[in-house]
Every structure is written in C-alpha cells, then in structure tokens.
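# Analysis of the macromolecular model
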Amino acid sequence: MPCPSSCPPGLLALMAPGLALMATFSLPSQAGDRRALPVEKPPGVKGRTLILLDVNTKSPVRIISENFLSLQLDPSIIHDGWLDFLSSRRLVTLARGLAPAFLRFAGKRTDFLQFHNVKNPAKSRGGPGPDYYLKNYEDARSLDKLYNFADCSGLHLIFALNALRRNPNNSWNSSNALSLLKYSASKKYNISWELGNEPNNYRTLIGRSVNGSQLGKDYIQLRSLLQLIRTYSRANLYGPNIGRPRKNVITLLEGFMKVAGSTVDAVTWQHYYIDGRVAKVTDFLKTRLLDTLSDQIRKIQKVVNMYTPGKKIWLEGVGTTSSGGMNNLSDSYAAGFLWLNTLGLLASQGIDVVVRHSFLDHGHNHLVDQNFNPLPDYWLSLLYKRLIGPKVLAIHVAGLQRKPRPGRVIRDKLRIYAHCTSYHNHNYVRGSITLYIINLHRSRKKIKLAGTLRDKIVHQYLLQPYGKDGLHSKLVQLNGQPLAMVDDGTLPELKPRPLRAGRTLVIPPLTMSFYVVKNVNALACRYR
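Residues numbered from 1 in each chain as written. Predicted model: local features only at pLDDT ≥ 70, side-chain atom pairs only at ≥ 80, totals over all residues. Heavy atoms only, no water.

## Some thoughts on the environment of Ser332
Here is the rule we go by: Strands are runs of DSSP state E lasting at least two residues, helices are runs of H or I lasting at least four, and both sets are numbered from the N terminus onward. When accessible area is computed with a 1.4 Å probe and restricted to protein chains, residues below 20% of their type maximum are described as buried, those above 50% as exposed, and intermediate ones as partly exposed. Here a residue-residue contact requires only that any non-hydrogen atoms of the pair lie within 4.5 Å. The definition of a polar contact used here is a pair of N or O atoms within 3.5 Å, where within protein one atom must be able to donate a hydrogen and the other to accept one, and adjacent residues in sequence count solely through side-chain atom pairs.
Within the fold, Ser332 resides in the loop between strand 11 (313-322) and helix 13 (336-348). According to the relative accessible area criterion, Ser332 is buried, its value standing at 0%. Once you skip the residues sitting within four places of it in the chain, Ser332 turns out to touch Pro376, Asp377, Leu471, His472 and Ser473. A polar side-chain atom of Ser332 sits 2.5 Å from the main-chain carbonyl oxygen of Leu329.

## Regarding the side chain of Arg104
The topology assignment puts Arg104 in strand 4 (residues 101-105). Taking relative accessible area as the criterion, Arg104 reaches 1% and is therefore assigned buried. With residues near it in sequence (within four places) discarded, Arg104 still touches Leu71, Gln72, Leu73, Ile158, Glu194, Gly196, Asn197, Asn241, Gln270, Glu316 and Val355.

## Details of the environment of Pro465
Its place among the elements puts Pro465 in strand 18 (residues 458-465). Beyond its immediate sequence surroundings of up to four residues, Pro465 is in contact with Tyr333, Gly470, Ser473, Leu475, Val476 and Gln477.

## As for helix 6 (residues 140-152)
Just so we agree on the cut-off: The span one expects for a helix is its residue count, reduced by one, times 1.5 Å.
Between its first and last C-alpha atoms helix 6 spans 18 Å; for 13 residues at 1.5 Å apiece the expected length is 18 Å, and the two agree. Within helix 6, 11 of the 13 residues are buried, which leaves the element mostly enclosed by the surrounding structure. Every buried residue of helix 6 is accounted for by Ala140, Ser142, Leu143, Asp144, Lys145, Leu146, Tyr147, Asn148, Phe149, Ala150 and Cys152. Capping of helix 6 at its N-terminal end is provided by Asp139; its side-chain oxygen lies 3.1 Å from the backbone amide nitrogen of Arg141. In the segment just after helix 6, Gly154 is the residue with positive phi, at about 75°.

## So, the nonpolar core
For clarity, the cut-off: We define the nonpolar core as a collection of buried residues of types Ala, Val, Leu, Ile, Met, Phe, Trp, Tyr and Cys that are connected through side-chain atoms lying within 4.5 Å of one another.
Counting 126 residues, the largest nonpolar core has Leu73, Trp193, Tyr232, Phe359, Tyr378 and Phe514 as the members making the most contacts within it. It is helix 13 that contributes the most residues to this core, 8 residues altogether. Not counting the four nearest positions on each side in its chain, Phe359 is found in contact with Leu71, Gln72, Leu73, Leu91, Leu94, Ala95, Leu98, Phe149, His366, Leu367, Val368 and Tyr378. In this structure, Leu53, Cys420, Leu505 and Ile507 belong to the second largest nonpolar core, which totals 26 residues.

## Focus: the packing of aromatic side chains
Here is the rule: Pairing of aromatic side chains requires ring centres within 6.5 Å, counting the rings of Phe and Tyr and the six-membered ring of Trp. Pairs whose planes differ by under 30 degrees are stacked, by over 60 edge-to-face, and all others tilted. By the criterion adopted, a ring carries a charge over it if an Arg CZ or a Lys NZ lies within 6 Å of its centre and within 35 degrees of its normal.
What the rule picks out here adds up to 17 aromatic pairs. For the ring pair Phe149 and Phe359, a centre distance of 6.4 Å and an interplane angle of 40° mean the geometry is tilted. Remark: Phe359 occurs in the loop between strand 12 (353-357) and helix 14 (376-387) and Phe149 occurs in helix 6; sequence separation between them is 210 residues. Both residues of the pair, Phe149 and Phe359, count as buried. Members of the aromatic cluster, joined through ring pairs, are Phe68, Tyr384, Tyr417, Tyr436 and Phe514. Above the ring of Trp339, the side-chain terminus of Arg356 is found at 4.9 Å from the ring centroid. The positively charged end of Arg430 is found above the aromatic ring belonging to Tyr423, 4.9 Å away from the centroid.

The analysis is restricted to geometry; functional conclusions fall outside its scope.
Structure follows, in structure tokens:
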C-alpha cells in the first residue's frame, strides 16, 4: 500500500533508529543529592535576583530510549468508519515530525474490539454500515490502514489485544487474537504487542475482575502464541498497563510480576493528573500537582525492582486530565507546563519511554485536533524531538530556593532540565547541550550560565501563547513568530534566536523555553 505524498516505503524505517539523543539536567531535588559544583559569582550580581547554573558534562546520569517521547492512538477514532483519514498527507507529515517513536493503538475500547479477516465486513455479513460494525470490530482493512500510517510516519506500531475474551474458568480466550496475529504475520507487519488496557478497571467495565496472577498467566500464554508464529517469535511484549498505583493496583502489579515479570520487555502503567470535569487553568500552574508523578514513579519502581531488578519501565498512556480532558484547557498552552515537566521528570528518574495519550482527537488531551491542526503540546513535542537526545546529565543550581520555613514545603516554580543536544540535529555539533526551562512564576527570572557553560553562544527557542486568549490559547509563537504548517507536506522551520556569548538568560513569566548551549564540547555528548 503506497504511502501518501513522498514517503518511500522503508525509507523512514531506515531513518527511524537514529533521530534523537539526549542528556537531561535535573534539579537536585529531582535527580537526587549531588555535591555542588564550584560556581563563581560574577562581580556586581545580586544573588537574590540571579540564578547560577552549571552542569556536569563528564558523564550522563541516565540514558533513555531514542523513542522516549512516543504516541498513542485511541480506538475511539474508528467511530467514523474505515480509518481512511489516516492516509491524510497532512496527518502523516505531523506524525513524521515526531519520529522516531512508538505508536500505541490502545484505549478503553481495546478490550471490546474483535478482529475479522474480511475487507468489507458490513457487505460480507449483510449487516449495518461500517461505523456501526467498527464500534466492536477491527477488520483487516482498518489494520492495514493503521499499519501503513505508522510505517509511513516512521513509527513502530504497538497493538493491544482484547484481554476480556474469557473462557468459563476466567482464563484468556486467545482464538480471536490468534486470527489477528496470523493475518499480521501474513502481511509481514513489524508489530509489538500488549494484552488489554487498565486491567484494574475490568470489574467496573464488565462486573468481572482479573487478578494479577491470572493476568500474568495470560501474558505467558500470549508469549507462547507469539513464539509459535515465526514473524513474531522475537516480537516485544509490554504490559500490564495498570492505572494509577493505588493499593489495589499495586496488589495486582505484584501478582503479575511474580508470574510474568520476566515475560514482558517493559513494565507499563498510566497516569492522568487531574479530573478534566473540574479542572481550572490555575491547576496547571500548581507545583504540588507537578510533583504528584514522583511518588507514583517510586511506587512502580519499588515493585518492579523487587521482582525483576533493572527491568525497563514505561509510562504508557499519560495525559493532563482524565475524562477526555476539557476544551480550551487540556488542549491549550497552559497544559504544556504539565507535559514538559512530565518529560523532564521521567527522563531524570530513568523511565525509558513515555507514551502521550493521545496523538489525535481523543477528547481534548490530543496533540492534533479533528481538523488535523497541531495544538500547543504538538509544537512543544516537536521542539523536544528536534533538540533533545537520550543522554541525561546532572546540573547544579545556586540561588534558586528560598530558606525553608517550619511546616512549609518549598516547591520549585522554576523547573530546569537539560540533555545532550540531539545528534541528528545537524545545526549543532556534537558536544552541545540543550536546557529546557519551565517558569511558573508570574515574574521573569534571570539565569547566568557558569562553569563549563560560561561564555558560550546560546540559541534560544522561547515558546509563548499567541493571540488574545493567553494561557487558554490554542496557538503558539516561537521567538515571537506564530507557528503553523507551511502546507500539508511541510512543517515550519524552527528558527532560534541567537544570544551573544555570556549573556544572562531572561526567562519571561509563565513560559516554556529551550536553550542550546553551542560548542560546549561536553565529553558526555561527543559520542552515542
């Protein structure tokens, strides 16, 4: 099946393995206690108004996947028929901009979909139209469209199989999954697999639960099926994709890890920050909310490391709000504060991959709307992909925190992370470093680069809301220029603003920004 526009089959597959490398600098409170690096204070600088920033360039503290920022498509998009819209040249261009990445096809509907190996099920069965049929069925044509979209976009497809087809003894009925696997193998589709979505919610969905031990047995059964099919004998398998790690969910995860911890290639869970039905724009500015993810990471890591030390962990299915999000809020500029902090926090704590829910038109948490227009979080993700690589570095910040008061937690409204600049961005030589900064203060902040970063030329990428809607805006500007697609096949050039060597960085209030420090010749960033 040909790709739309100029996407030669296989070309992106060759390009995909090498499109991003990074190194992340995190605040001491986020990356653990570290010995402060010596930083000299420039003469005449007031310590209370200036923040001094230095970085350890000798070695990375983390190395994450080149597919770290990945995407999810929710099965709810098949409401409109055959998924033909995935052939859109514009949509492929937008997805290709975020490659390399995984494309996870999963969501609440996963455990109600059934596969039928027919090209036009409505005609062959004499039943109703495709929209009705595809509410409960995944047909061969839809799978073809889905795979072709991923392949043309340089994305690797992860398909979640229905886990709620059950035998009388509550074991997994794999007959329908086997049909899908055989069809995919006949087409030589390169796919990774999962089983189910948020198994902790099954009792709510169907009044029937599946415990962790049984779910582990189901995954072992799926692994056995994959090994019987030559195309998928070495395919990756991910799971169990649990929800927020409350007590009952942790119990499910422990049961799963005891039985199938060694069966999966990465352990996965989901996280949504707030209830979209009651969210306000001020919620996205609360540091307490930004920090809730850290506790969840620790809970998941504790269980995983107890049973399979060193096993990779993915946050698979993350969004700002639950309940599908809220119009003019979770799809606005303000939501970017949570998204960018999520990326920085996960990278600094060694989470290998984060899957954004959703790439396209699911509620209001998506990156691209139903008219295929990129939203603020898309542009933020695009900048991240262009500038950030998988190597994570340590930083030292002086002059950031106030003196703690008894009984009061001081939380950072200025979040600073950094990475080795992507090796695949040919505008910068190897050894360059990229900082990314979130300023939640209602006043500007000044940062002086010190130590290894002192007196280097810096390129600024300042992302701000565009138009009169402010934080509610669905449009953004980069260094004062509005961002928009040039045409359906072309993304805009992301032009930096050069800053002279040694200049103090001035971070405007309530903004997100990237700063590439050129020609640092960082030892950690010279080689892959």
